[in-house]
Every structure is written in structure tokens, then in C-alpha cells.
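# Tertiary structure, described
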Amino acid sequence: MTVRAGREFLAIPGPTNMPDEVLRAMHRPALDIYSDEMVELTDSLLCDLGELFATKGRCYIHIANGHGAWEGVLSNVLSRGDKVLVLESGRFAIGWGDTAAAMGAEVEVLKGDWRRAVRPAEVEARLRQDRNHEIKAILAVQVDTASGAFNDIEAIGKAIRAAGHPALFMVDAVASLGCMPFEMDAWGIDVAMSGSQKGLMTPPGLGFVAANDRAREVHKTADLRTPYWDWTEREGLEHYRKYAGTAPVHLLFALRQAIDMLFDEKLENAFLRHRLLAEAVRRAVAVWGEGQVLGFNITEPSERSNTVTAVVMNGGHDPGALHRYCKEKCGVVLGTGIGELQGQGFRIAHMGHINAPMILGTLGVIEVGLGALDIPHGGGGTRAAIDWLAETVSA
Ligand SMILES: *Cc1c(COP(=O)(O)O)cnc(C)c1O
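Source: prediction; values computed, not measured.

For the rest of this paragraph, the subject is helix H3 (residues 66-77). The α-helix advances 3.6 residues per turn, and as a result positions three or four apart in sequence lie on the same side. Given a rise of 1.5 Å per residue, 12 residues ought to cover 16 Å, and the 17 Å separating the end C-alpha atoms of H3 matches this to within 8%. Most of H3 is tucked away, with 10 of its 12 residues classed as buried. Three or more residues of H3 are buried, namely Gly66, Gly68, Ala69, Trp70, Gly72, Val73, Leu74, Ser75, Asn76 and Val77. If you check the start of H3, you find a side-chain oxygen 3.1 Å away from the backbone N of His67, and it comes from Asn65.

Pasting the structure below:
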């Protein structure tokens, strides 16, 4: 028997649940890509992306997922043999670094920990050793979607400046833009990138990049540039050059609607919504952990992301069984453990189009699964999430 029917709830960290308004925005004919309407749509989106990244720098929209945008960033500012420093806190900065290595960069990983965020003091110490400024770029993620780590990008930016190092600071905000504060200019970030399908509630397929003047200066002499990604090509006068070809019109309709919804809500309210719902998830996980089987992957509470929570499962219990139960019996799809957490736990995504019923429903279903599968856990996790919301969301 099952209690699933109707819409399946995605609690995976991308692609995420899309609002019906976003889905409906795509249900229309294509646009004449040579029309004023097209140009205005592009202009409005580039302007609003600048607001999301909080930058006066230039924004670019690629038809690509996050991996594409990674490659686009690297190709625009690196030259063959350039040294890149990757700040490890899980899997994603490492993945970006692997791309750089495959493209011909020399990659050094500042060793991190799957259970901790990047420590800014270690970044500063490494950069101080680099007296000849061989390191040309520093790659970091704001949120590591595999480990659930939240990196303090502002503090890392300060550490780079304290070391007096000129390397470009390049930040991946794929799992955080639109969900948690991001201040590209104020935090000293030179290049930022993100994607459409996580916090931005839009189908996969759009990659976003923002670059400041310092990065655009380095770009002039970078020798890994290729036509599709090239910023200079995209700054050409004809509108089609902004997309290096045909504009992805339906994805842009969806993005326009999603950003309108975010701005109607107001970014600060969206950040608060994420913080409150993330804490509801954490309250539940903390209670479940009393059974000595479940626990947070990220050990330090201040380093846990407001967009995804990685839960480890010990004692020989199979997270796959819980995943299957939640999906097949109850219609909630949890994120599986990836990287070092493969087979070791599960992830609860709480980013983008999320609200109290979705989060309480997800937590309730997990608790049903824990019970049905006899996985030891503290009782009343969902109750703790309810109490937290009742305490903080005032009448
Ligand atoms: C999902 C993700 C990516 C990769 O994005 P794709 O669209 O899957 O290529 C990169 N970085 C982070 C932090 C992510 O969460």
C-alpha cells in the first residue's frame, strides 16, 4: 500500500520545485528574437541578475547548467598553466577545480574537511606563503551542496585582502543565490556564477556569471578563451551575441517570472524564509539524532547551510531504504548522499520554492519512514520543527 498520489515533492537540491506561475510563464509561443520585446527581456534580466549578485559588474547568461558556467568563467580569465587555488569544503569546489585542471590550469587544493566549512585563516596563511603571486585565481563555493557546508565568503574575501594577494576571487553561488545573502562587490568577489534550477526556481539550462572590472581586465589577456563563452564576444552590439546565438526564450520567460516573484516577496524576506525553514529542518534532525543513528554531517552549527542539510546515518542502517520508502510510499524525493556521503546518509533540500507545508510535510514523511523502517531516532522531530515555527513566526 502507498499514500502517494498527485504531485511528487522534490526535496533534492536541484532541480527544485517550480512555482506554477513559472511553469505557466513558459506556456506560450516563442518570441521574435529580433524584436524590441526580446531586447527588453534580456536587458531586464541582466539588470536583475546584477541585483541578485549585488554587483555593478557585468552579467552574462549562458545556455548551460552550473558545470557549463564553471567552464565559462575559467575560460574567460585563465591562461594555460595558470595556478588556481581550490578551497575544499566538500565536493563542488573540487569539481570546479577538476574542470580547471582539464582545461590546462595547475590546480592546488587547500585541503579541507567534508564536515567543516573553509577556514579563512588557513586561506590567508596559504596566500601569504605565495610571495611571488603565482596563484592567479581562488575558487570557492558559498554552499557545498554535497556536504551541506556554508562558507563565510565575506570572511574569506577579507582573508584574501589581509594577505594582500591579487588573485581573482571566484565564487560559486549555484546553491545559494536568491536564498541566502550574497554581496559580490561588498565581499571583494571578482567573478560570481550561479544556475537557474536551484534557488532561482527555474528549469535547468541557464548559467549566470557576473564579472567585475578587475576580472574583465585579466580577461583581455586570458588565452583559454573560446567563442561560445567569450565575454567580449557577448558584449558585441547585435542582441543575439548576448547568447552567442539563439536566445533560450522559454527559459528566459520562466526566469523573468521567478525573479519577479522573488522581488515581489523581497530578497530579505526570501532569505528569512530560508533561514526559518532551514532551522525547522535542523530542529527535527537534532531530535532524531537522539537515537544515536542520525546526525548532521556538518559538525559546527554556524557552518550549516540554509539551503540544504546533509544527514549522516550510522550503525549499519541503509539510507537507500529510507529514500525508497519516502519516494515510493509517500511521494517525497530526498537527496541521496553524494561524494564521501554516498551510501552514508541523505540530504534534505530546502531551497527556492519552499514553504512551511512543504518542509513540515517532508519532515513528517521522513519521520514516518524512520518509524516504518525501525531506524532508531529520537521521537518528535517534526514536533520540534512545528514548535520552532510557532515560536518564531509571530501572529
Ligand atoms: C548543483 C551545483 C553545481 C552544478 O550545477 P549543474 O547545474 O548540476 O551543473 C555547482 N555548484 C554547486 C554548489 C551546486 O550545488
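We now examine empty space enclosed by the protein. Summed over the entire model, instances satisfying the criterion amount to three cavities of 30 Å³ or more. Every residue lining the largest cavity is counted, 13 residues in all, and those nearest its centre are Leu10, Ala11, Asn17, Ala349 and Ile354. At the level of secondary structure, the elements contributing two or more residues to the lining of the largest cavity comprise strand S1 (9-11) and helix H12 (356-372). Tallied by class, residues from the lining of the largest cavity come to nine nonpolar, four polar and no charged.

Let us look at the pattern of salt bridges. This structure, assessed with the given rule, holds 26 salt bridges. Among the ionic pairs, Arg58 bridges to Glu235, the shortest N-O distance being 3.8 Å. You can see Arg58 sitting in strand S2 (residues 58-63) and its partner Glu235 sitting in the loop between helix H8 (231-234) and helix H9 (249-265), a full 177 residues away along the chain. For Arg58, a relative accessible area of 40% corresponds to the partly exposed category. One salt bridge in this structure joins Arg119 and Glu122, with 4.0 Å as the shortest N-O distance. Arg119 sits in the partly exposed class, given a relative accessible area of 27%. Through salt bridges with shared partners, a single ionic network connects Arg58, Asp213, Arg216 and Glu235.

A word on the site of the ligand. The ligand sits among Asn65, Gly66, His67, Trp70, Phe92, Val143, Thr145, Asp172, Val174, Ala175, Gln197 and Lys198. Contact between the ligand and Gly66: an oxygen atom at 2.8 Å from a main-chain N or O atom of the residue. Interatomic distance of 2.3 Å between a side-chain N/O atom of Thr145 and an oxygen atom of the ligand. Taken by itself the ligand offers 380 Å² of open surface, and the protein chains cover 90% of this. Given that more than half its atoms are within 2 Å of the pocket grid, the ligand belongs to the largest pocket. It is H3 that contributes the most residues to the shell around the ligand, three residues altogether. Residues belonging to the shell around the ligand are distributed by class as follows: five nonpolar, five polar and two charged.

Moving on, we get to the side chain of Thr309. For Thr309, the position within the fold is in strand S12 (residues 308-313). Since its relative accessible area comes to 5%, Thr309 is described here as buried. Each residue touching Thr309, except ones within four places of it in the same chain, is listed here: Val281, Arg282, Val285, Phe296, Phe346, Arg347, Ile348 and His350.

Turning next to the layout of surface pockets. In this structure, the largest pocket occupies an estimated 250 Å³ of space. Considering the residues around the largest pocket, the lining is formed by 15 residues, among which Gly66, His67, Trp70, Phe92 and Lys198 are closest to the centre. If one sorts the elements of the lining of the largest pocket by residue count, H3 sits on top with three residues. In the lining of the largest pocket, the residues fall into seven nonpolar, five polar and three charged. Each pocket or cavity is described by its volume, and for the second largest pocket that value is around 180 Å³. As for the second largest pocket, its lining consists of 13 residues, and the residues nearest its centre are Leu46, Arg58, Cys59, Tyr60 and Lys242. At the level of elements, helix H2 (36-53) and S2 are the ones that each hand at least two residues to the lining of the second largest pocket. Among the residues making up the lining of the second largest pocket, the classes are represented as six nonpolar, three polar and four charged.

A separate point is the domain arrangement of the protein. According to the domain assignment, the protein consists of domain 1 (9-16 + 266-392) and domain 2 (31-263). Each of domain 1 and domain 2 has a C-alpha centre, and these two points are 28 Å apart. In this assembly, 31 residues from domain 1 lie in contact with 28 residues from domain 2. Approximately 2,500 Å² of surface area, both sides summed, lies buried where domain 1 meets domain 2, with 61% of it carried by carbon and sulfur atoms. Contact with domain 2 buries area across many residues of domain 1, yet Leu267, Phe271 and Glu303 alone supply 23% of it, more than any other trio. Two residues, Glu303 and Arg116, come together in a salt bridge whose shortest N-O distance is 2.8 Å. Across the domain 1-domain 2 interface, the total number found is 16 residue pairs in polar contact (both at pLDDT 80 or more). Residue contributions to the side of domain 1 that touches domain 2 peak at four residues, all from helix H10 (residues 267-288).

Criteria and thresholds
Residues numbered from 1 in each chain as written. Predicted model: local features only at pLDDT ≥ 70, side-chain atom pairs only at ≥ 80, totals over all residues. Heavy atoms only, no water. Helix = DSSP H or I, 4+ residues; strand = E, 2+ residues; numbered from the N terminus. Expected span 1.5 Å × (residues − 1). Buried < 20%, exposed > 50% of the residue type's maximum accessible area, 1.4 Å probe, protein only. Polar contact = N/O pair within 3.5 Å; in protein donor to acceptor, adjacent residues only side chain to side chain. 1 Å grid on protein atoms, 1.4 Å probe; cavity = no way out; pocket = protein on both sides within 12 Å on 5 of 7 lines; lining within 4 Å. Points joined across faces, edges and corners; volume = space filled by probe spheres on them. Nonpolar A, V, L, I, M, F, W, Y, C, P; charged D, E, K, R; others polar. Salt bridge = Lys/Arg side-chain N within 4 Å of Asp/Glu carboxyl O. Near = heavy atom within 4 Å. Areas by Shrake-Rupley, 256 points an atom, 1.4 Å probe, with all protein chains shown as cover. Sits in = over half its atoms within 2 Å of the grid points. Contact = heavy atoms within 4.5 Å. Domains from an automatic or database assignment. Buried area = accessible area lost by both parts, 1.4 Å probe.

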